[in-house]
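A structural walkthrough
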Amino acid sequence: MAGRINDDDVKAVRDAVPIDAVVSEYLQLRNAGGGNLKGLCPFHDEKSPSFQVSPSKGLFHCFGCQEGGDTIAFVMKIDHLSFSETVERLAAKAGITLRYEEGGYNPGHQRGERIRLIEAHQVAARYYADQLGSVEAEIGRKFLAERGFDQAAAEHFGVGYSPAGWDHLTRFLRGKGFSDKELILSGLSQDGRRGPIDRFRGRLMWPIKDVGGEIVGFGARKLRDDDNGPKYLNTPETPIYKKSQVLYGIDLAKKEIAKSSRAVVVEGYTDVMACHLAGVTTAIATCGTAFGGDHVKILRRLLMDNGSARVIFTFDGDAAGQKAALRAFEDDQKFAAETYIAVAPEGMDPCDLRLAKGDEAVADLVEPRTPLFEFALRQIVRRYDLETPAGRAAALDEAAPIVAKLKNLAVRHGVAVQLAGMLGIMDERFVVQRVSQIAHWQRDRGGRGRTDDHRPRRETPPIQAPVAPPGPALNLRSPAHRTERELLKLALQRPELVSPAFDAYGVDEFTAPPYAAVRQCVQDAGGATGAPADYLDAVRAAAPNDTVRALVTELAVETIFAKTVDEAYAGDQLVTVRLRAVDRRLREVQGALARLGPNGDPEKTAAVQNELWVLTQYGQSLRNNGAAAL
């Protein structure tokens, strides 16, 4: 049984590994003020950063999902490790030797499963890299040289070679203390007739690392004609390797992706190598699977998912590449980033392009040109006979939902007009209205596409956020509620008139629960200050349910009850709502003072009296100076 790690050593590990350095391996952090950092939470999906890290305190906390703790808690949660495994992993990074109580420390028996599997992959990677220099590996070195990769490139990417024999690696790892069970579990070996044999034999090997930089699997390229296996053979699913959750090259690219807010998605290992050597150091690739939702999550955390971010997909120009591009578009709208596609001339991939035309051609290839949605649109339209009315109608029926997914209203309208031109439909308004109808259905029904028989379908239910706070039924005859309604209408329809003051208002300043829920939506969408073109879409998307979403729509279109809607009117609504909040707080403080009585705690009494004085002065200032006092 494993011994307990010495408490002093645990504290030493906690103090030695800065929490911001660890968290930064998984997501991009930016200044949040007050010495804190913020980023998109890795434990739940969110559109604006609510995850904060305090380097001075060594703590993290997400104000969205309430996850929090220290460095050890973060690593345990994100990598699904036990406490001991986490401490051992962080201790190795910090160069701290751990002491174990209740007996000595046996690395082979007391280390956790994940740690052991990671270590097996590290040893295997060094073994494969050493084998690349062997006589047998000449075919592998020739393969690399023919594609423009020298020894330095192979070393930089950790490329190696697996000997063609049955159990070379297996015997080597056994000699390093790994059990047959561990070798099978790791995916490095597989069951043979007489025991474990090597899974990879006679192939060029690429180590695949996770975001934290640990080797979790391998990609193996076929080199010989007598190899009856697939062209590329990857590590099978294991406790540490999930192909839908890894991106090859992410360990090398993550810092530049975060710095430049740009990522380039290519198709293979050699394409990643070619891009990086050509100066495109944001290139990454999927590992034997299509680009999907879990890959999106990895990139979103690094890109901070802001509107200025760019994701560029490079696919071969053949049918398979076009199909891959369309699959990528299915997840396109999970990004706030803009997505583009780059197809090299003559259908060359980045590796071939670098060989044929040099590094500059690769760098030029990934400069954003064609939006991914436009490419997807053209691929759909070209399948139909646009010379016939039936062909045009069928193309519109398939293409319109693609346009309807676009988040930005202005862009969506423009692309709908563009689609009408592609289809040769002269009545642009008809196409715009058709797209608008589908967009409305997608928002209200959670639709994500259409079935093959062209009926709308719902692929995945929307994430459910907390519903509006409980409270009394909405009374529109209440003057307070009427004013709150007016202020929300202004915030939705004329945000420039009420910002930035409105964004400083708390949710609790809106006494009607439905209005409090709408105020929360505006906050979750990024606030009213500097509202972008798709501001209302963002507010609606932030709604926790259809009821609140419908109220947002209602307030966004309802007429504002003023002959002149200007800063003066907006100021009056702001002041009235704030004054009522101040008066409510005054009554609470006066009640607290009365409860303390004449014999109450002097310090508490002084504090309450001070708050009472401040509130009284603030209320008087609001009455005398109006919006200038906000």
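A brief structural summary. (Residues numbered from 1 in each chain as written. Predicted model: local features only at pLDDT ≥ 70, side-chain atom pairs only at ≥ 80, totals over all residues. Heavy atoms only, no water.)

**As for the layout of surface pockets**
Counted as a void, the second largest pocket has a volume near 880 Å³. What lines the second largest pocket is a set of 33 residues, among which Ile 78, Asp 79, His 80, Gln 245 and Arg 301 lie closest to the centre. Elements with a minimum of two residues in the lining of the second largest pocket: helix H3 (71-79), helix H6 (113-131) and helix H13 (293-303). Sorting elements by how many residues they give to the lining of the second largest pocket places H13 first, with five residues. Classifying every residue of the lining of the second largest pocket gives 16 nonpolar, three polar and 14 charged. (1 Å grid on protein atoms, 1.4 Å probe; cavity = no way out; pocket = protein on both sides within 12 Å on 5 of 7 lines; lining within 4 Å. Points joined across faces, edges and corners; volume = space filled by probe spheres on them. Helix = DSSP H or I, 4+ residues; strand = E, 2+ residues; numbered from the N terminus. Nonpolar A, V, L, I, M, F, W, Y, C, P; charged D, E, K, R; others polar.)

**Some points on the sheet that holds strand S11 (residues 232-234)**
Ordered by their spatial adjacency, four strands build an open sheet running S6-S9-S10-S11, and the pairing between neighbours is antiparallel. Whereas interior strands pair on both sides, the edge strands pair on one side only; in this sheet they are strand S6 (160-162) and S11. If you compare each strand with its neighbour and ignore which way they point, the axes differ by 35° on average. In this structure, strand S10 (residues 215-222) lies alongside S11, joined through three bridges in antiparallel fashion. (Pairing = 2+ DSSP bridges. Axes fitted to C-alpha atoms, helices over the stretch in contact; angles between N-to-C directions.)

**Quick look at the nonpolar core**
If you look at the biggest cluster of nonpolar residues, it comprises 49 residues, and the most contacted ones within it are Phe 51, Phe 74, Ile 250 and Leu 299. With five residues, H13 is the single largest residue contributor to this core. Excluding residues that lie within four positions of it along the chain, Phe 74 makes contacts with Val 22, Val 23, Tyr 26, Leu 27, Pro 42, Phe 43, Phe 51 and Phe 60. One finds Ala 154, Trp 206, Ala 274 and Cys 275 within the second-largest nonpolar core, a separate group that totals 44 residues. (Core = buried A, V, L, I, M, F, W, Y, C linked by side-chain atoms within 4.5 Å. Buried < 20%, exposed > 50% of the residue type's maximum accessible area, 1.4 Å probe, protein only. Contact = heavy atoms within 4.5 Å.)

**Thoughts on the pairing of strand S2 (residues 36-39)**
Because side chains alternate across S2, one face comprises the buried residues Leu 37 and Gly 39, and the other comprises Asn 36 and Lys 38, none of which is buried. As defined by bridge partners, strand S1 (residues 30-33) adjoins S2 across three bridges and the pair is classed as antiparallel. Each bridged residue has a counterpart across the sheet, and for Asn 31 the counterpart in S2 is Leu 37. If you look at the hairpin formed by S1 and S2, you'll find two residues sitting between the two strands, and Gly 34 has a positive phi there, around 65°. Where S2 lies against strand S3 (residues 51-54), three bridges are found, and the strand directions are antiparallel. Residue Lys 38 lies in a different strand from S3, and its bridge partner there is Gln 52.

**So, the packing of aromatic side chains**
Scanning all chains against the criterion turns up 16 aromatic pairs. Here Phe 51 and Phe 60 contribute two aromatic rings whose centre-to-centre distance is 5.5 Å and whose plane-to-plane angle is 25°, an arrangement assigned as stacked. Judged by relative accessible area, which is 0%, Phe 51 ranks as buried. Through a chain of ring-to-ring contacts, three or more aromatic side chains come together here, namely Tyr 26, Phe 43, Phe 51, Phe 60 and Phe 74. In this arrangement the basic side chain of Arg 147 is found over the ring face of Phe 143, its NZ or CZ atom lying 3.6 Å from the centre. Directly above the ring of Phe 561 sits Lys 489, whose terminal nitrogen or CZ lies 4.0 Å from the centroid. (Phe/Tyr/Trp six-rings, centres within 6.5 Å; stacked < 30°, edge-to-face > 60°. Lys NZ or Arg CZ within 6 Å of the ring centre and 35° of its normal.)

**Topic: unusual backbone geometry**
Cis geometry marks the peptide bond from Ser 499 to Pro 500, where omega comes out at 5°. Topologically, Pro 500 is positioned in the loop between helix H22 (495-498) and helix H23 (513-524).

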